[in-house]
Amino acid sequence: MGTAPDPTDLHELLKSLRVWAPETTELRAFDPATAPDTPLPLFTTWFAEAVTAGETEPHVMSLATRDDEGLPDARIVMLHGADEQGWSFATHATSRKGDQLKAVPYAALTFYWPRLARQIRLRGPVAPAPPTESQSDLHARSTGALAAALTGHQSEPLPSLAELKQTSESAWELAQQHPQTPAPTWTLYRVLPDEIEFFQGDALRRHVRLRYVREGWGGWSKVLLWP
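Computed from a predicted structure; not experimentally measured.

Colleague: What am I meant to see in the side chain of glutamate 197 here?
Modeller: Relative to the helices and strands, glutamate 197 resides in strand β8 (residues 195-200). With relative accessibility at 5%, the residue glutamate 197 sits in the buried group. Within the structure, glutamate 197 has its side chain in polar contact with the side chain of arginine 209 (distance 2.7 Å). Leave out the neighbours within four places in its chain, and glutamate 197 touches Gln119, Ile120, Arg121, Arg209, Leu210, Arg211 and Leu225.

Colleague: Sorry, what's going on with the packing of aromatic side chains here?
Modeller: Two measures describe an aromatic ring pair: the distance that separates the ring centres and the angle between the ring planes. Per the stated rule, a full pass over the model turns up twelve aromatic pairs. On the numbers, 5.4 Å between centres and 80° between planes, the contact of phenylalanine 43 with tryptophan 87 is edge-to-face. Residue phenylalanine 43 is found in helix α2 (residues 39-52), and its partner tryptophan 87 is found in strand β4 (residues 86-92); the two are separated by 44 residues along the sequence. Accessibility expressed as a relative area gives 3% for phenylalanine 43, which makes it buried. Accessibility expressed as a relative area gives 3% for tryptophan 87, which makes it buried. What links up through ring pairs into an aromatic cluster is the set Phe30, Trp46, Phe198, Tyr212 and Trp220. Here arginine 118 stacks its cationic end above the ring of tryptophan 46, 4.1 Å away from the centre of that ring.

Colleague: Please explain the nonpolar core as it appears in this structure.
Modeller: Soluble globular proteins: nonpolar side chains tend toward being buried together. By size, the foremost hydrophobic cluster in this structure holds 28 residues, and its most contacted members are Phe43, Trp87, Phe89, Phe111, Ile120 and Phe198. With ten residues, the next largest nonpolar core counts Ala129, Ala149, Trp186 and Leu188 among its residues.

Colleague: Where do I start with the pairing of β4 in this structure?
Modeller: Consecutive side chains of a regular strand alternate in pointing toward one face of the sheet and then the other. Judged by how many residues are buried, β4 sits mostly within the fold: seven of seven residues are covered. Where strand β3 (residues 81-83) meets β4, three bridges bridge the pair, whose relative direction is antiparallel. Paired with glycine 81 across the two strands is serine 88, which belongs to β4. The hairpin turn running from β3 into β4, its antiparallel successor, is two residues long.

Here is what the cut-offs are and how they apply
Residues numbered from 1 in each chain as written. Predicted model: local features only at pLDDT ≥ 70, side-chain atom pairs only at ≥ 80, totals over all residues. Heavy atoms only, no water. Helix = DSSP H or I, 4+ residues; strand = E, 2+ residues; numbered from the N terminus. Buried < 20%, exposed > 50% of the residue type's maximum accessible area, 1.4 Å probe, protein only. Polar contact = N/O pair within 3.5 Å; in protein donor to acceptor, adjacent residues only side chain to side chain. Contact = heavy atoms within 4.5 Å. Phe/Tyr/Trp six-rings, centres within 6.5 Å; stacked < 30°, edge-to-face > 60°. Lys NZ or Arg CZ within 6 Å of the ring centre and 35° of its normal. Core = buried A, V, L, I, M, F, W, Y, C linked by side-chain atoms within 4.5 Å. Pairing = 2+ DSSP bridges.

Coordinates in, geometry out; function isn't part of it.
What follows is the structure in structure tokens.
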């Protein structure tokens, strides 16, 4: 009987882990020849298949931005929608990522769905939605989402957890009593991709990578990439 790795030994712990273990991952075939001419239908199909496969949070994605000095930053955010206008997420315009998007309105998104050994990467210019649309998107979400937006001060220094608790409790009360309260700095952003890559893992490491590259408005070319 083997000995469990010491969780304080990072290297031994890393060596004990597997990627795409057969008991948790289904490696599906992906034939790029059958891929649609545009990426949105394939994204929609893969997203639905991730949900069906039991991914617990298929709608979360990494968002990478740059500051005005060109230094990178990344964090996890939630997908709010994907259509011909772009892939959308929301944050305060006054947050750190809001400031970065104002300085450099270009971003990258990455989805990873380990149950299917799939990832999708896209990047492109970012544009904010009109304020009325941003507020409509916020008010269509949960009370908790509105309370979090009304709490505000995202990315600012926090004096204490007690102050956070007090401010959050007031925001929750306001959100519950007045669910249409606006959060003026809350902004819906859309990434209109210049390129999108679909990655399907393979047990023999012959991973299939298909990249769509935008050519003019509405036109796309497709290219296979070495794994």
